[in-house]
Amino acid sequence: AGGGVFALGDAMVLRGSGHTKLGHTAEVQSKVVCENIRRMRRGEALCRYPALETGFESNMYCVSLSYTHASMRFGDVVSNGFLAAFVKWCVEWSKIAQARNRLVGLLLWRMSDFVTGRTVDKDSQPLLPEAPPR
């Protein structure tokens, strides 16, 4: 069986993409990597990253500027200041809870993935390989 090298997050650059290196972008990329590892093990054609065909750019970010200030974007909504800093704290707290397999973190991020996958990230799912011509 052939081997493969998969990269995501800060370890990869997608030619022709203006993707910012954000945690959320790395999570979107991880969907493609995970699907491709499954497909490679089954001997199936690999998926492509959405940006190559759709110009997908993450519609979410939340960046801390200090303990009381941050900048965040969720779709077309942008917020700066204390509210964004509070949201960033909530994201970090719940991600740690998820990593520790605490029910609150697991449920919050399962719900978050469900909602964002149907809203701001609806175009970020792995693109399945095209069917071979008949």
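By convention here, each chain's residues receive numbers from 1 onward along its written sequence. Under the rules for a predicted model, residues below a pLDDT of 70 receive no local features and side-chain atom pairs below 80 are neither given nor counted, while totals for whole chains, interfaces and linings still include all residues. Hydrogens and water are ignored here; the side-chain numbers use all heavy atoms of the structure.

Engineer: Help me understand the overall build of the protein in this model?
Structural biologist: Runs of E in the DSSP output that reach at least two residues are strands. Runs of H or I that reach at least four are helices, and both are numbered from the N terminus. Looking only at helices and strands, the protein features four helices and three strands. The N-to-C order of helical and strand elements in the protein reads α-α-β-β-β-α-α. Think of it in three bands: with a 1.4 Å probe and only protein chains considered, a residue is buried below 20% of the maximum accessible area for its type, exposed above 50%, and partly exposed in between. Out of the 134 residues in the protein, the part that is buried amounts to 30%. In this analysis, two residues are considered to be in contact whenever any of their non-hydrogen atoms come within 4.5 Å of each other. Summarising the internal contacts of the protein: among those between residues at least 6 apart in sequence, 48% fall at separations of at least 24. When the accessible surface of the protein is summed, it comes to about 9,300 Å², and 59% of that surface belongs to carbon and sulfur atoms. Each accessible area is a Shrake-Rupley estimate made with a 1.4 Å probe; only the visible protein chains count as cover when residues are assessed.

Engineer: Explain the pairing of strand β2 (residues 70-74) here, please?
Structural biologist: A regular strand carries its side chains on alternate faces of the sheet. When strand β1 (residues 60-64) meets β2, the two strands line up antiparallel, connected through five bridges. Following the sheet pairing, Y61 is matched in β2 by R73. At least two bridges found by DSSP between two strands is the condition for calling them paired. Hairpin geometry of β1 and β2 is characterised by an intervening segment of five residues between the two adjacent antiparallel strands. Across five bridges, β2 lies against strand β3 (residues 77-81) in antiparallel orientation. From the neighbouring strand, R73 faces β3, where its bridge partner is V78.

Engineer: In this structure, what is going on with the sheet that holds β1? I would like to understand it.
Structural biologist: Two strands in a sheet stick together by hydrogen bonds in their backbones, pointing the same way (parallel) or opposite ways (antiparallel). Pairing within the open sheet is antiparallel, and its three strands lie in the order β1-β2-β3. At either end of the open sheet lies a strand with only one pairing partner, and these are β1 and β3. Strand-to-strand, the axes of this sheet are offset by a mean angle of 10°, without reference to chain direction. Under this scheme, a helix contributes an axis fitted over its contacting stretch, all axes are lines through C-alpha atoms, and angles between N-to-C directions fall in the 0 to 180 degree range. Of the strands in this sheet, β1, β2 and β3 are in contact with helix α3 (residues 82-99), which crosses β3 at around 100°.

Engineer: For this particular structure, what's the right way to read the packing of α3 against helix α4 (residues 103-117)?
Structural biologist: Helix-helix packing: each pair is described by the crossing angle between the helix axes and the interaxial distance. One way to put it is that α3 packs onto α4 with a least axis distance of 7 Å and a crossing angle of 115°. One way to sum up the angle between α3 and α4 is to call them roughly perpendicular. α4 is crossed by α3, and the crossing has left-handed handedness. Counted together, V91, W93, S94, K95, A97 and Q98 of α3 and V104, G105, L106, L108 and W109 of α4 form the full contact between these two elements. Note on residue categories: nonpolar means Ala, Val, Leu, Ile, Met, Phe, Trp, Tyr, Cys or Pro, charged means Asp, Glu, Lys or Arg, and polar means any other residue, Gly included. Of the residues that constitute the contact of α3 with α4, the class distribution is seven nonpolar, three polar and one charged. The scheme is simple: roughly parallel for angles under 35 degrees, roughly antiparallel for over 145, roughly perpendicular for 65 to 115, oblique for anything else. What makes a crossing left-handed is the near helix being turned counterclockwise from the far one by less than a right angle; a clockwise turn instead makes it right-handed.

Engineer: In this structure, what is going on with the packing of aromatic side chains? I would like to understand it.
Structural biologist: Aromatic ring pairs are defined here through the distance separating the ring centres and the angle between the ring planes. When the centres of two rings from Phe, Tyr and Trp lie within 6.5 Å, Trp using its six-membered ring, the rings pair. Their planes under 30 degrees apart give stacked, over 60 give edge-to-face, and anything left gives tilted. A complete count under the given rule lists two aromatic pairs for this structure. Both rings, one in F86 and one in W89, keep their centres 6.2 Å apart while their planes meet at 20°; by these two values the pair is stacked. Separated by three residues within a single helix, F86 and W89 lie in helix α3, roughly one turn from each other. The class for F86 is partly exposed, based on a relative accessible area of 43%. Taken together, a centroid distance of 6.4 Å and an interplanar angle of 20° make the contact between W89 and W93 stacked. In this pair, W89 and W93 both sit in helix α3, four residues apart, roughly one turn of the helix. Members of the aromatic cluster, each reached through a chain of ring pairs, are F86, W89 and W93. For a ring to carry a charge above it, either NZ of a lysine or CZ of an arginine must fall within 6 Å of the ring centroid while also lying within 35 degrees of the normal to the ring plane. Here the basic side chain of K95 rests over the ring of W109, its NZ or CZ set 4.1 Å away from the ring centre.

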